[in-house]
Amino acid sequence: MELRVTLSDGLNTARRCDCSYCRRRGAVAVSASLNGVEVTRGAENLTLYTWGTGTAQHWFCKTCGIYTHHRRRSNPNQYGINAGCIEGVNPRDLEPVPWANGVNHPSDRQR
């Protein structure tokens, strides 16, 4: 599986989310616009996971289970890209990485 990614602001957008799902995954995500991500090889090996409102869409490799990217709930016009999937990037080198408040996300509030 291979992606071609154009990041919105390089690695400067690195962050983690503390929602119940993301904090268990622990991945560092960087931002790309929806037209900044292209699956160039192995699209048939991606699987999608969604829940709740279905806004957040998380893609994984069917073979190894690695989270590759997701469409953001906080901004559905962006993808979060797993920084650990970018060749030559070690997420430890990005520390300290800020945490986004996914626990108290505005989309979860009843209207």
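Everything discussed here concerns the structure shown above.
Computed from a predicted structure; not experimentally measured.

Colleague: Can you help me understand the overall build of the protein in this one?
Modeller: Looking only at helices and strands, one finds one helix and eight strands in the protein. Put simply, the protein runs from its N terminus to its C terminus through helices and strands in the order β-β-α-β-β-β-β-β-β. Here the C-alpha radius of gyration of the protein, 14 Å, is about what a compact globule of 111 residues would show, namely 13 Å. In terms of its C-alpha atoms, the protein occupies a principal-axis envelope of roughly 40 × 30 × 25 Å. Contacts spanning at least 24 positions in sequence make up 54% of the contacts within the protein whose residues lie at least 6 apart.

Colleague: Even after reading the chapter, I still don't get unusual backbone geometry, so can you show me in this structure?
Modeller: Backbone phi values are negative for most residues with the exception of glycine, while trans is the configuration of most peptide bonds. Backbone torsion omega between Glu95 and Pro96 reads -5°, so that peptide bond is classified as cis. Note that Pro96 resides in the loop between strand E7 (78-82) and strand E8 (99-100).

Colleague: Any chance you could explain the packing of aromatic side chains here in plain terms?
Modeller: Working definition: an aromatic ring pair is given by the centre-to-centre distance plus the angle between the planes. Here the structure, examined in full by the defined rule, presents five aromatic pairs. Taken together, the ring pairs connect Tyr21, Tyr49 and Trp51 into an aromatic cluster. It is Arg25 that lies over the ring of Tyr67; its NZ or CZ is 3.7 Å from the centre.

Colleague: Please explain the pairing of strand E6 (residues 67-71) as it appears in this structure.
Modeller: Each regular strand carries side chains that alternate between the two faces of the sheet. A large share of E6 lies buried, amounting to four of its five residues. Hairpin connection of E6 to E7: six residues between the antiparallel strands.

Colleague: Would you explain the nonpolar core in this entry?
Modeller: The nonpolar side chains of soluble globular proteins are, as a tendency, buried together. Counting 13 residues, the largest nonpolar core has Ala14, Val28, Ile81, Ala83 and Leu94 as the members making the most contacts within it. Elements with a contribution of two residues or more to this core: strand E3 (29-41) and E7. For Ala14, the contacting residues outside a window of four places in its chain are Val28, Ala29, Val30, Leu94, Val97 and Pro98.

Colleague: Sorry if this is basic, but what is going on with the sheet that holds E6 here?
Modeller: Sheet strands pair via backbone hydrogen bonds, and the direction of the pair is either parallel or antiparallel. One open sheet holds the six strands; their spatial order is E1-E3-E7-E6-E5-E4, and the pairing between them is antiparallel. At either margin of the open sheet sits one strand with a lone partner, and together these are strand E1 (2-7) and strand E4 (46-49). With direction set aside, neighbouring strand axes in the sheet form an average angle of 35°. Relative to E3, E1 runs antiparallel, the two being bridged by five bridges. Across the sheet, residue Arg4 finds its bridge partner in E3, namely Glu38.

Colleague: Help me understand the environment of Gly36, please; the structure alone is not making it clear to me.
Modeller: Residue placement: Gly36 occurs in strand E3. Spatially, the C-alpha atoms of Gly36 and Cys19 are 25 Å apart, while their sequence positions differ by 17 residues. Residues contacting Gly36, with those up to four places away along its chain left out, are Arg4, Val5 and Thr6.

Reading the values: rules and limits
- Residues numbered from 1 in each chain as written.
- Predicted model: local features only at pLDDT ≥ 70, side-chain atom pairs only at ≥ 80, totals over all residues.
- Heavy atoms only, no water.
- Helix = DSSP H or I, 4+ residues; strand = E, 2+ residues; numbered from the N terminus.
- Rg over C-alpha atoms; globule rule 2.2 N^0.38 Å.
- Contact = heavy atoms within 4.5 Å.
- Phe/Tyr/Trp six-rings, centres within 6.5 Å; stacked < 30°, edge-to-face > 60°.
- Lys NZ or Arg CZ within 6 Å of the ring centre and 35° of its normal.
- Buried < 20%, exposed > 50% of the residue type's maximum accessible area, 1.4 Å probe, protein only.
- Pairing = 2+ DSSP bridges.
- Core = buried A, V, L, I, M, F, W, Y, C linked by side-chain atoms within 4.5 Å.
- Axes fitted to C-alpha atoms, helices over the stretch in contact; angles between N-to-C directions.

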